[in-house]
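Each chain is listed here by its residues.
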Amino acid sequence: RPHGLIFVLGQTATGLDKVPTCWVRAHSTSGCETRHDLTVSMGMMTWEHIIPRRAFTLFNRSREHVMSDDTKFLCEAVALARGNIVKGGRPFGAVVVRDGAAIATGVNETHTTNDPTAHAELNALRAAGRAIGSPDLRGCTVYASGHPCPMCLAAMRLAGVARVAYVYSNEDGAPFGLSTAAAYEDLRKPFAAQSMRIDHTPLPADGRAHPYAEWAKRPTPPSR
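What counts as what
- Residues numbered from 1 in each chain as written.
- Predicted model: local features only at pLDDT ≥ 70, side-chain atom pairs only at ≥ 80, totals over all residues.
- Heavy atoms only, no water.
- Phe/Tyr/Trp six-rings, centres within 6.5 Å; stacked < 30°, edge-to-face > 60°.
- Helix = DSSP H or I, 4+ residues; strand = E, 2+ residues; numbered from the N terminus.
- Buried < 20%, exposed > 50% of the residue type's maximum accessible area, 1.4 Å probe, protein only.
- Lys NZ or Arg CZ within 6 Å of the ring centre and 35° of its normal.
- Contact = heavy atoms within 4.5 Å.
- Pairing = 2+ DSSP bridges.
- Axes fitted to C-alpha atoms, helices over the stretch in contact; angles between N-to-C directions.
- pLDDT = per-residue confidence, 0-100.
- Core = buried A, V, L, I, M, F, W, Y, C linked by side-chain atoms within 4.5 Å.
- Disulfide = S-S within 2.5 Å.

Trainee: Could you give me a rundown of the packing of aromatic side chains, with the residues and numbers involved?
Mentor: Taken as a whole, this structure holds one aromatic pair when the rule is applied. Taking 5.3 Å as the distance between ring centres and 35° as the angle between the ring planes, the aromatic pair formed by F73 and Y143 counts as tilted. Of this pair, F73 sits in helix 2 (residues 69–86) while Y143 is found in strand 7 (residues 141–146), placing the two residues 70 residues apart along the sequence. The same class applies to F73 and to Y143, which are both buried. Cation over ring: R218 sits above W215, and NZ or CZ is 3.9 Å from the ring centre.

Following this line, the structure appears as structure tokens:
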């Protein structure tokens, strides 16, 4: 059920005295917007026949409310998450945006791939890298349906993502077993105190150059 309705009056090619078009914008409780088109003959019906005047506002088309980019892309991430549920997946979706345009999307695919890293955000990052032909995602924004886990957040930072925005918090996910707050809390501890054992175990020198030094001496690839 829509949370509210906004009627937007737009002029057709034949003029307002003929048949104007009325766009009905239904705003759900999540803030996402759906749009339905109605054609209303003003000679046959008044606005009061549709909905009481006090319950709607008419805008000139030039003043039409435009959904913010944040809301638009966050709604897209949530829609991806809902679509993934239908396919048997977990309720997570993500969108990567660059210069105001979506360049990649992803959903959680752990259920089909058995890949523990196939989270929505990581799949979206992989798709974005393929789309632009580079792993460098500086300047990009990631919109996620849920709070990114530490793995996904670390990948975003390493890829140069400038910003991440998400809809549902770890507190929202906790009652459904979908919170990663415990992982964040564990990672705040020193290595020795974390639940996963982490060992730094250097190997004896074998006379060969350090692999990092070998990497630093590699031929520089041509610039794109």
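Trainee: I'd like a rundown of helix 5 (residues 150–159), residues and numbers included.
Mentor: Those residues of helix 5 that fall on the buried side of the exposure criterion are P150, C152, M156 and A159. Residues of helix 5 that are buried in the fold lie against helix 4 (120–132), strand 7, strand 8 (163–168) and helix 7 (181–187). Note on helix 5: the residue one or two positions beyond its end, G160, has a positive phi of about 90°.

Trainee: Hey, could you go over the sheet that holds strand 7 for me, with residue numbers and the actual values?
Mentor: On the basis of which strands lie adjacent, the open sheet formed by four strands has the order 6-5-7-8 and mixed pairing. At either end of the open sheet lies a strand with only one pairing partner, and these are strand 6 (101–107) and strand 8. The mean angle between the axes of side-by-side strands here comes to 20°, regardless of whether they run parallel or antiparallel. Across the sheet, helix 2 is in contact with strand 5 (93–98), strand 6, strand 7 and strand 8; its angle to strand 5 comes to roughly 145°. Contacting strand 5, strand 6 and strand 7, helix 4 crosses the sheet at an angle of about 135° to strand 6.

Trainee: Describe the confidence of the model for the chain, naming the residues involved and giving the relevant values.
Mentor: When pLDDT is averaged along the chain, the result is 80, and 70% of the positions lie at 70 or above. Ignoring residues within four places in sequence, the model shows residues 34–65, a span with pLDDT below 50, making 54 contacts including any to other chains.

Trainee: Pulling in residues and values, what's your account of the nonpolar core?
Mentor: If you look at the biggest cluster of nonpolar residues, it comprises 18 residues, and the most contacted ones within it are V96, L125, L137, V142, M156 and V161. Those elements that provide at least two residues to this core are strand 5, helix 4 and helix 5. Residue contributions to this core peak at six residues, all from helix 4. Beyond its immediate sequence surroundings of up to four residues, L137 is in contact with L125, A128, G129, I132, A159, G160 and V161. Grouped together as the second largest cluster of nonpolar side chains are seven residues, F73, V95, V97 and Y143 included.

Trainee: I'd like to hear about the state of the cysteines, residue by residue, with values.
Mentor: All chains considered together, the criterion is met by zero disulfides. Left unpaired, C152 is separated from the closest cysteine sulfur, that of C149, by 3.6 Å.

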